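Residues per chain, in single letters:
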Amino acid sequence: IVAALSPLCSTVGIHLQHGQLAPQSIPYAALVWRCLFFAWGYAMFALIFVAIIRNQIGAIVAFFFLPGTAEALLSLLLKQNQQYLPFTALRTVLEPMSFGAGTQIVSAGRQAAIAGIYLAISGIVAAYLFVRRDAN
C-alpha cells in the first residue's frame, strides 16, 4: 500500500509547495535484464553447488560461505582483479562499481559475460561429475 501511495503523496507534496518534479528517465530494459540475469545466475550457481556437493545441507552451507567469506578473503589477495571472481562479477551486474583507485566502472555486459563463463565451465564440470557418479 505504501509503495502504491508514495508516488501520489510525492506529487501532492510537490504541488503544495508550488514546485516541479524533475524529469526522470529510468532505463527499464536495462534494469529488467540485469535483475533477471542476476536471479538466474544465483539460481544456476545454487544448482551447480547441489550437483557437485550432492548434499542439501552442504550445498546450503557452501552457498552461504563462498559468496560472502571466501570471496571477501580472495578479494584482499587479488585487489584490482577481484572483478573476475564469480559472485563479484554477478553482483556487479546489478550494482556497477570500480575496482581500485582511478579505475573505470566495469560495464554490466562484461560482468555478465564473466559470470556466464564461470557458469558454463562449472556447469560442464558439474554435469560431468553428476553423470560419472550416477552412471552405475
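Our subject is the structure that appears above.
Please read these numbers as outputs of a predicted model, since none were measured by experiment. (Residues numbered from 1 in each chain as written. Predicted model: local features only at pLDDT ≥ 70, side-chain atom pairs only at ≥ 80, totals over all residues. Heavy atoms only, no water.)

**A short note on the overall build of the protein chain**
Consideration 1: A count of helical and extended segments in the protein chain gives five helices and zero strands.
Consideration 2: When the elements of the protein chain are put in sequence order from the N terminus, they spell out α-α-α-α-α.
Consideration 3: Against the globule reference of 14 Å for 136 residues, the protein chain gives a C-alpha radius of gyration of 21 Å, more extended than a compact globule.
Consideration 4: Taking all 136 residues of the protein chain together, 22% fall into the buried category.
Consideration 5: For the protein chain, contacts bridging at least 24 residues in sequence account for 54% of all contacts bridging at least 6.
Consideration 6: Only carbon and sulfur atoms are counted for the fraction: they give 70% of the accessible area of the protein chain, which is about 9,600 Å². (Helix = DSSP H or I, 4+ residues; strand = E, 2+ residues; numbered from the N terminus. Rg over C-alpha atoms; globule rule 2.2 N^0.38 Å. Buried < 20%, exposed > 50% of the residue type's maximum accessible area, 1.4 Å probe, protein only. Contact = heavy atoms within 4.5 Å. Areas by Shrake-Rupley, 256 points an atom, 1.4 Å probe, with all protein chains shown as cover.)

**Structural notes on the layout of surface pockets**
Consideration 1: Considering only enclosed or pocket space, the largest pocket measures out at about 250 Å³ in volume.
Consideration 2: Along its surface, the largest pocket is lined by 16 residues, and Phe45, Phe49, Leu66, Pro86 and Phe87 are the ones closest to its centre.
Consideration 3: At five residues, the largest contribution of residues to the lining of the largest pocket is made by helix α2 (residues 28-53). (1 Å grid on protein atoms, 1.4 Å probe; cavity = no way out; pocket = protein on both sides within 12 Å on 5 of 7 lines; lining within 4 Å. Points joined across faces, edges and corners; volume = space filled by probe spheres on them.)

**With respect to the packing of helix α4 (residues 86-94) against helix α5 (residues 108-133)**
Consideration 1: Packing of α4 against α5 brings their axes to within 8 Å, and their N-to-C directions diverge by 145°. Crossing handedness for the pair α4 and α5: left-handed. Counted together, Pro86, Thr88, Ala89, Leu90, Thr92 and Val93 of α4 and Ala108, Gln111, Ala112, Ile114, Ala115 and Tyr118 of α5 form the full contact between these two elements.
Consideration 2: For the contact of α4 with α5, the per-class residue count stands at nine nonpolar, three polar and no charged. (Axes fitted to C-alpha atoms, helices over the stretch in contact; angles between N-to-C directions. Left-handed = near helix turned anticlockwise from the far one by under 90°. Nonpolar A, V, L, I, M, F, W, Y, C, P; charged D, E, K, R; others polar.)

**Some details on α4**
Consideration 1: With seven of nine residues buried, α4 lies mostly within the body of the structure.
Consideration 2: Considered for burial, the residues of α4 that qualify are Pro86, Phe87, Thr88, Ala89, Leu90, Thr92 and Val93.
Consideration 3: Contacts made by the buried residues of α4 are with α2, α3 (56-78) and α5.

**Looking at a nonpolar patch on the surface**
Consideration 1: Together, Ile57, Ile60, Val61, Phe64, Phe65 and Leu66 give the surface a local cluster of nonpolar side chains, amounting to about 610 Å² of exposed area.
Consideration 2: By secondary structure assignment, the location of Phe65 is in helix α3. (Patch = residues over 30% accessible without salt bridge, like charges linked within 9 Å, V, L, I, M, F, W, Y side chains within 5 Å. Salt bridge = Lys/Arg side-chain N within 4 Å of Asp/Glu carboxyl O.)

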